[in-house]
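# Report on the structure
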Amino acid sequence: MSASALKDLNISQSTDLENGKDNSVKSCISKPVLNGNSCANEEESSLSACPDAVTNGNVAGNADVEYIDSENLVDLPDVDAALSTLVKRLDSKDWVMTCEALNNVRQLAMYHKERLQELLEPLVPLIVKSVKNPRSAVCKTALMTCADIFKAYGDLMVDSIDPLLVQLFLKASQDKRFVCAAAEAALISMTSWISPLLLLPRMQPYLKNRNPRIRAKASVCFSKSVPCLDVQGIREYGMDKLIQIAATQLSDQLPESREAARNLALELQAFYEKSQALTSDENEGEPCVSQDAESWEAFCQSKLSALSAQAILRVTTSTAPEEGVASTTNTTKEGVASTTNSTKEGVTSAPKEVGNLLIIGSGIQV
């Protein structure tokens, strides 16, 4: 190949190279590179098409979910429009739309509870679905929704509460603190606004759940609900059934369950002794029943196995032995002190014989 042909070939390649460089620069000016991976215009279009898009492991999008406290919720401007699309929006794949719909449920429960009540049956499964959502923002908003509908509808939620219970117990034992706190608040609302006589039978099966964390949270809620019962309520539910539950939970593997069982046992002891005192006052003119038959110890031994009764009595009478030991120790110390003083006085006043001299007090006799 001649020198002139080589020269023409080099000039052509350099020209093409420059043109290609200019085009690439122009394309990146019109579509700036974001994090060295994609252009802004493409990122914006992907956000509008897919709100769950992820960029470099982070959620893409400018939408922020606002967690609104119940006392700061305001009424909806268009209730009819919100109700007509509520179910569809709750089931949306757009998580931001789902969170907005959940907040609408909270607003409707607060300001239009009668109208929302008609939709409770289809709404509860969708709320459960949102609680199970792996996105924390959706999960927390759904838990806040649970707390508000428990407060708004109370006992009306009992028939729909079963699918919610297991999820609330699970989320309350999560490692994510803000999700755990929202679940705890929902459980507190549940035990506060739903009648314990209706709620306790619903929670009782979870006390034997295979998951120890579910058992622990169920035990805590159970022990907090029992004190809300009145005398008639405890008698109706069954004092013997309650003491058996407390005895079973005392041997659970998690400390949280055992602590809840101890609290329950103490509540039951206080109730039993109070009810016995009331019965004694009512039957004051009648012959008294033997004290042993009415005692807390006798009741536990009649309703529980020997080991379970011993465990309950150890918990409920743990303060008495300490006081007895303290008083015994003080009495012993006083006795020892008085004996020591008496001995010292006796030693001081006792006659001493030194050689042929007998010393009595301060006198000397030969």
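Anything mentioned here points back to the structure above.
In what follows, the accompanying structure is described. Quick caveat, the model's predicted, so the values are computed rather than measured. Starting afresh in each chain, residues are numbered from 1 along the sequence in its written order. With pLDDT at 70 or above as the cut-off, local features in this predicted model cover only qualifying residues; side-chain atom pairs require 80 or more to be listed or tallied, and sums for whole chains, interfaces and linings still use all residues. Side-chain measures were taken over the full set of non-hydrogen atoms in the model, leaving aside hydrogen atoms and water.

Runs of H or I in DSSP of at least four residues are treated as helices and runs of E of at least two as strands, each being numbered from the N terminus. Within the chain, the regular secondary structure consists of 19 helices and 7 strands. Using a 1.4 Å probe on the protein chains alone, a residue whose accessible area is under 20% of its type maximum counts as buried, one over 50% counts as exposed, and one in between counts as partly exposed. In the chain, which comprises 366 residues, the share counted as buried stands at 35%. Considering only intrachain contacts with a sequence separation of at least 6, the fraction spanning at least 24 residues in the chain is 63%. Exposure was quantified through the Shrake-Rupley algorithm and a 1.4 Å probe, taking into account, for residues, occlusion by the shown protein chains and nothing else. Of the accessible surface of the chain, which amounts to about 22,000 Å², a share of 54% is contributed by carbon and sulfur atoms. Contact definition: two residues touch when any of their heavy atoms are within 4.5 Å.

Each pair of aromatic rings taken from Phe, Tyr and Trp, with Trp reduced to its six-membered ring, is defined by centres within 6.5 Å and is described as stacked if the planes are under 30 degrees apart, edge-to-face if over 60, and tilted in the remaining cases. Applying the stated criterion to the full structure yields 5 aromatic pairs. An angle of 70° between the planes, with centres 5.6 Å apart, marks the rings of Phe169 and Tyr206 as edge-to-face. One end of the pair, Phe169, is in helix α9 (residues 162-172); the other, Tyr206, is in the loop between α11 (196-203) and α12 (212-225), and 37 residues separate them in sequence. Neither residue differs from the other here; Phe169 and Tyr206 are each classed as buried. A network of ring pairs unites the aromatic residues Tyr272, Trp296 and Phe299 as a single cluster.

In this structure, Leu307 sits in helix α18 (residues 306-316). According to the relative accessible area criterion, Leu307 is exposed, its value standing at 67%. Each C-alpha atom of the pair Leu307 and Ala247 lies 9.3 Å from the other, and the pair is 60 residues apart in sequence.

Take α12 next. The end-to-end C-alpha distance of α12 is 20 Å, a good match for the 20 Å that 14 residues give at a rise of 1.5 Å each. Within α12, 11 of the 14 residues are buried, which leaves the element mostly enclosed by the surrounding structure. Residues Ile214, Arg215, Ala216, Lys217, Ala218, Ser219, Val220, Cys221, Phe222, Ser223 and Ser225 constitute the buried set of α12. The term polar contact refers here to a pair of N or O atoms within 3.5 Å; inside protein, the definition further demands a hydrogen-donor-capable atom paired with an acceptor-capable atom, and it admits residues adjacent in sequence only when both atoms are side-chain atoms. Of the residues flanking the start of α12, the one acting as N-cap is Asn211, its side-chain oxygen 2.9 Å from the backbone nitrogen of Arg213. A helix is expected to reach a length of 1.5 Å times the quantity of its residues less one.

The subject of this paragraph is the nonpolar core. One finds Met190, Phe222, Trp296 and Ile312 to be the most contacted residues of the largest nonpolar core, which totals 83 residues. When residues of this core are assigned to domains, at least three map to each of domain 1 (67-194) and domain 2 (212-278 + 296-317). Aside from chain neighbours lying at most four places away, what touches Phe222 is Leu200, Met203, Gln204, Leu207, Tyr237, Leu242, Ile245 and Leu264. For this analysis, a nonpolar core means a set of buried residues of the types Ala, Val, Leu, Ile, Met, Phe, Trp, Tyr and Cys, connected via side-chain atoms within 4.5 Å. Each domain span listed reflects an automatic or database assignment of domains.

We now examine the packing of helix α5 (residues 95-111) against helix α8 (residues 136-153). As a packed pair, α5 and α8 sit with axes 9 Å apart at the nearest point and diverge in direction by 15°. In this view, α5 runs roughly parallel relative to α8, as classed from their interaxial angle. α5 and α8 meet at a crossing whose hand is left-handed. Across from Trp95, Thr98, Cys99, Leu102, Asn103, Val105, Arg106 and Ala109 in α5, the residues of α8 making contact are Ala137, Val138, Thr141, Ala142, Met144, Thr145, Asp148, Ile149, Ala152 and Tyr153. Only Asp, Glu, Lys and Arg are considered charged, only Ala, Val, Leu, Ile, Met, Phe, Trp, Tyr, Cys and Pro nonpolar, and every remaining residue, Gly among them, polar. Looking at the contact of α5 with α8 residue by residue, the class counts come to 12 nonpolar, 4 polar and 2 charged. Only C-alpha atoms enter the line fits that serve as axes; for helices the fit covers just the stretch in contact. Angles between N-to-C directions range over 0 to 180 degrees. By definition in this entry, angles of less than 35 degrees are roughly parallel, angles greater than 145 are roughly antiparallel, angles of 65 to 115 are roughly perpendicular, and the rest are oblique. Crossing chirality is assigned from the near helix's rotation relative to the far helix, an anticlockwise turn below a right angle marking it left-handed and a clockwise turn marking it right-handed.

Here we come to α9. Of all the positions in α9, only Leu164, Leu165, Gln167, Leu168, Phe169, Lys171 and Ala172 are classed as buried. Buried positions along α9 lie against α7 (120-131), α8, α10 (177-193), α11 and α12.

Moving on to the environment of Trp95. Within the element layout of this structure, Trp95 appears in helix α5. Accessibility expressed as a relative area gives 11% for Trp95, which makes it buried. Considered as a pair, Trp95 and Ala137 are 42 residues apart in the sequence and their alpha carbons are 8.6 Å apart.

This part takes up the packing of helix α17 (residues 296-303) against α18. Each pair of packed helices gets described by two things: the angle between the helix axes and the distance between those axes. Where α17 contacts α18, the two axes come as close as 9 Å, and the packing angle between them is 155°. Between α17 and α18, the angle falls in the class roughly antiparallel. Where α17 crosses over α18, the handedness of that crossing is right-handed. Contacts between α17 and α18 pair Trp296, Glu297, Cys300 and Gln301 from the former with Ala309, Ile312, Leu313 and Thr316 from the latter.

Looking now at empty space enclosed by the protein. A pocket here means an open set of points on a 1 Å grid, computed over the protein atoms alone, that has protein on both sides within 12 Å along at least five of seven lines. A cavity is instead a set of points where a 1.4 Å probe fits but cannot get out; residues with an atom within 4 Å of a point line either one. Grid points are joined across faces, edges and corners, and a volume is the space filled by probe spheres set on the points. Applying the stated criterion to the full structure yields 2 cavities of 30 Å³ or more. Looking at the largest cavity, its volume works out to about 60 Å³. Glu184, Leu187, Ile188, Thr191, Lys217, Val220, Cys221 and Lys224 together form the lining of the largest cavity. Elements represented by at least two residues in the lining of the largest cavity include exactly α10 and α12. Taken together, the residues of the lining of the largest cavity break down into 4 nonpolar, 1 polar and 3 charged. When residues of the lining of the largest cavity are assigned to domains, at least three map to each of domain 1 (67-194) and domain 2 (212-278 + 296-317). Put simply, the parts of the chain that give the lining of the second largest cavity at least two residues each are α12, α14 (239-249) and α15 (255-282). Its residues assigned to classes, the lining of the second largest cavity comprises 7 nonpolar, 3 polar and no charged.

Below, the discussion takes up the environment of Ala261. Its location among the elements puts Ala261 in helix α15. In this structure Ala261 comes out as buried when scored by relative accessible area, which is 2%. Taking the C-alpha atoms as reference points, Ala261 and Val220, separated by 41 residues in sequence, lie 8.1 Å from one another. Dropping the residues within four chain positions of it, Ala261 is found in contact with Ala246, Gln249 and Leu250.

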